[in-house]
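Here is what each chain is made of, one letter per residue.
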Amino acid sequence: AAALALFALAAAHAVGGAAAEDLLRLTELDSEVMQLVWLGGDDQTVFVVTDGGRVWRSQDGGAKWTDLTADGSPLAPGMRDPAQLDICAYAGRCAPGFLAAHTDDRFPDYVLFESQNDAHFATADRGRTFFPVDLGAGAVLSSVRLHPAAAGRVLAHVVRLECFTDPSALCAQDLLFANELGRGGPAAWTNLTRNSEGRIVSFVDYDWAANALDEPAKAAAEDLAVLATVYEEGERRQAHAHAHTGGWDGDIDFVRSDDLFQGQHEHVLKCGNVLEALDGKLYVAVPNACEEKPGGDSPEPSAGVTLMVSDDGGAAFTAMCFPTELPSSAFFISDGDEGMPLVGVQHGGQHYGASGDFLTDVYTSDSRNTLFALSLPAATVGELGADISRVRFDTGAGDATIPEGVLLVNRALHPESQSQPQVVTVITHNRGGEWAPIPAPRKDAEGAPTDCILPQCSLHLHGSNSWYEEGFTGFYSHPSAPGYAIATGNMGAHLETESGLVNTYLTRDGGQTWEETLKGPHVYEYGDHGGIIVAAKHYMAGPADHLQWSAGASAGGRTQWHKVALPQPMHVKNIRVEGDFAARRFVAHGVIVGDDYELKGAVVLVDFEAKLDDDTLKRCSAADYEEWHLDRCMLGAKVTMTRRRPSAICYNGKEWEHSPPTVEPCACSSSDYECDYGAVRGADGACLNAISAGSVQACPAIDEKRYARNMDTLLRYIGGDRCDMKGGTPPFTAGFWRDAWDGKEHGVPGHAGGGGGGGGGGMGGRG
């Protein structure tokens with residue numbers, strides 16, 4: 001077992017009145033941290049999974065750590081050498097140790113540790129006891145889904161080992177169910193393929209039906225309904241299941257079972273190939289060629305797909321319409337404010353450069369998730385799909401839902417270029433209705449004038465995909481700090497990817513203005529409900545010898561940063577805080593040079609609870625808070641909320657809660673409208689037909705005259721917008737849903753903003 005070394009600073013290094021030895025503790029691990037998770041409301045239990053496959057646990061919030069995979073420890077069997085096992089010989093799972101920890105904030109005591117081979121374990125008491133998770137002979141784990149309302153209830157998607165060992169055997173994927181995994185001993189798994197008594201040949205995709213509800217955690221614990229895309233019985237389907245390695249197949253169907261497939265399951269959508277539960281909606285992709293080829297041949301990739309959406313858990317579906325055919329190989333669904341998604345579509349030939357990197361066009365939905373209009377062409381694509389970032393505002397306090405219309409997207413400046421095009425960042429304050437460059441800060445982090453003036457020069461920021469592409473910390477915003485966002489980037493004509501040209505930027509007003517807050521690229525994290533930010537030099541810029549923290553801004557409005565020395569230089573990979581972003585204990589992790597001069601993983605606890613009520617960080621009083629709102633209306637609403645004054649250097653406290661906001665409608669203006677289905681904004685801001693009227697893709701809502709476009713303005717009211725003319729005349733006539741028209745002007749339908757934005761996720765097409 002790797003030796004555990006706990007370091008405290010040898011000398012008291014004064015930091016704003018507190019000794020640094022009270023603030024920092026560094027622990028050396030066997031290798032780099034790959035995953036870090038907190039359990040429980042007290043934030044004391046923390047698990048780490050390292051690159052070496054080991055599992056470490058802290059029971060004091062990150063100060064001291066124990067290797068649970070060391071010899072004689074409860075997870076030591078997980079470190080066995082699998083070289084002699086079939087799963088290594090045939091499936092290539094030859095690494096010892098663990099791959100991931102599966103947790104859910106709704107079950108604070110539960111963790112399922114996924115093995116890199118087949119030695120899985122689970123605990124239902126934060127690691128006091130562990131039980132082996134045996135999937136059965138010949139089962140290779142592919143993925144798991146925890147039930148959203150019942151701890152220990154799990155679905156596991158497995159591939160049969162026969163797929164690797166016997167080319168002539170039926171290669172299929174099974175879905176397994178365990179009722180109380182990790183409780184009282186080894187779990188008994190139920191094979192749902194076997195449960196179906198031959199009705200199901202193979203499971204392709206799956207989820208708990210409860211995850212498609214608006215509030216999955218409120219589902220009944222005994223709700224066992226499962227959604228799945230499957231191959232059903234039949235010789236041809238068996239042959240297709242045997243050969244299936246991805247891609248679209250006319251023999252895959254979308255089904256539902258309420259009894260774990262013991263009885264006859266329900267056919268929901270013929271040829272439903274891909275499913276995704278996201279933000280209270282259920283999406284299913286159906287290849288268009290399905291009905292054209294009843295013989296079961298695989299649909300042609302060029303035939304395109306239709307996306308179907310359900311807002312009632314799958315009971316009824318509506319087709320999502322796009323003005324041009326949705327390609328089968330490239331689309332991405334991102335959650336959006338008010339449950340209205342953004343969809344990135346990669347149209348044929350939409351790529352650039354020798355690397356063949358792809359671009360995607362971003363489409364926005366109407367209020368009913370039916371008619372999708374082109375909002376922004378040529379957005380960049382990465383590991384997470386289209387590079388879309390969102391400034392968060394909705395704290396979840398009270399009953400009022402805060403509209404979140406501020407989005408940032410990275411796009412190609414000259415998408416027609418045959419070489420790697422320059423990438424620029426644009427921002428919208430009305431969910432894609434209009435896009436614009438980001439005005440640069442007037443001063444840099446050292447107070448010098450920037451001379452970066454629109455339109456030649458603007459601010460460009462690395463999005464979420466940067467973490468997986470260039471390696472820079474991406475755009476980061478969280479509801480705990482409404483209106484705040486922090487990101488790495490640069491001022492100039494385009495986005496830079498060289499570390500020496502990248503700095504760190506912060507906004508406190510929803511992206512209207514930005515501050516260059518630190519020179520160089522950094523990693524960062526919010527805590528204390530957004531009251532404290534901790535940052536460190538990004539590992540790509542070299543080892544850091546200190547961390548920085550801020551609890552507010554100076555009277556002039558610039559962020560005040562305080563330095564605290566690290567016990568030894570560290571290449572900082574990330575900084576984390578518990579899932580509620582309420583604690584004042586942060587954990588930074590990265591790589592150090594160990595006592596044996598070899599690279600080691602390390603975690604550093606940054607404990608601001610040790611600074612309580614010293615001379616520089618006192619608890620906030622009522623006078624430290626203010627009523628705050630954006631200077632502009634956002635999606636037709638003026639939102640006022642209580643938050644700490646930027647100049648108040650104090651902490652909120654873990655038990656502090658955001659006050660309910662007030663949301664008042666604004667009078668309607670041009671910012672409350674976007675271009676309608678089949679239209680796009682021209683250079684002068686007016687909407688133009690993106691394609692000829694005869695080439696616009698047919699849509700049942702239009703063909704059946706349920707929706708009427710306004711062919712004069714080509715405008716529509718932005719879905720989720722809350723503006724109100726209060727009896728006045730709207731500024732534009734626009735498209736409208738006939739069942740929502742009150743017989744007056746077609747500009748502002750009756751509405752009551754509903755729904756809330758989700759917290760992440762996405763869905764992609766199969767290539």
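Residues numbered from 1 in each chain as written. Predicted model: local features only at pLDDT ≥ 70, side-chain atom pairs only at ≥ 80, totals over all residues. Heavy atoms only, no water.

Participant: Honestly, the pattern of salt bridges in this entry has me stumped. Any pointers?
Facilitator: When charged atoms on two side chains of opposite charge get close, those side chains can pair. One pass over the full model with this rule turns up 23 salt bridges. The salt bridge partner of Arg-716 is Glu-674, with a shortest N-O separation of 2.9 Å. Here Glu-674 lies in strand β50 (residues 673–675) and Arg-716 lies in strand β54 (residues 715–717), a separation of 42 residues in the sequence. Each of Asp-42, Asp-109 and Arg-126 takes part in a single network of salt bridges with overlapping partners. (Salt bridge = Lys/Arg side-chain N within 4 Å of Asp/Glu carboxyl O. Helix = DSSP H or I, 4+ residues; strand = E, 2+ residues; numbered from the N terminus.)

Participant: Would you take a moment to explain the sheet that holds strand β14 (residues 154–160) for this structure?
Facilitator: To summarise the sheet geometry, strands pair through backbone hydrogen bonds and adopt either a parallel or an antiparallel arrangement. Strand order across the open sheet formed by four strands is β13-β14-β15-β16, with antiparallel pairing between neighbours. Two strands close off the open sheet at either side, each with one partner strand: β13 (139–146) and β16 (189–191). Looking at each pair of strands side by side, their axes are set apart by 30 degrees on average, direction ignored. Alignment of β14 against strand β15 (residues 173–178), held across six bridges, turns out to be antiparallel. (Pairing = 2+ DSSP bridges. Axes fitted to C-alpha atoms, helices over the stretch in contact; angles between N-to-C directions.)

Participant: In this structure, what is going on with the confidence of the model for the protein chain? I would like to understand it.
Facilitator: Any region with low pLDDT has predicted coordinates that should not be read closely. For the protein chain, per-residue confidence averages 85 on the pLDDT scale, and 87% of positions sit at 70 or higher. With pLDDT under 50 throughout, residues 292–296 is counted as low confidence; its partners more than four residues away or in other chains account for seven contacts. This model gives residues 751–762 a pLDDT under 50, and the stretch forms 35 contacts once residues within four places in sequence are excluded. (pLDDT = per-residue confidence, 0-100. Contact = heavy atoms within 4.5 Å.)

Participant: Whenever I open this one, the sheet that holds strand β22 (residues 281–287) confuses me. Can you help?
Facilitator: Overall, antiparallel pairing links the four strands, which are arranged β21-β22-β23-β24 in an open sheet. Edge strands, defined here as strands with exactly one partner in the open sheet, are β21 (274–278) and β24 (318–320). Sheet twist, expressed as the mean angle between neighbouring strand axes with direction ignored, is 30 degrees. Sheet topology note: the strand β23 (residues 305–310)/β24 ladder contains three bridges and is antiparallel. Across the sheet, Leu-307 pairs through a bridge with Met-320, a residue of β24.

Participant: What should I look at first to understand unusual backbone geometry in this one?
Facilitator: What is expected of a backbone is that most residues other than glycine have negative phi and most peptide bonds are trans. Following Leu-454, the chain continues to Pro-455 via a peptide bond in cis, the omega torsion being 0 degrees. Residue placement: Pro-455 occurs in the loop between β34 (436–437) and β35 (458–461). Positive phi, normally seen in glycine, also occurs at Cys-271, with a value near 65 degrees. As for its position among the elements, Cys-271 is in the loop between β20 (266–269) and β21.

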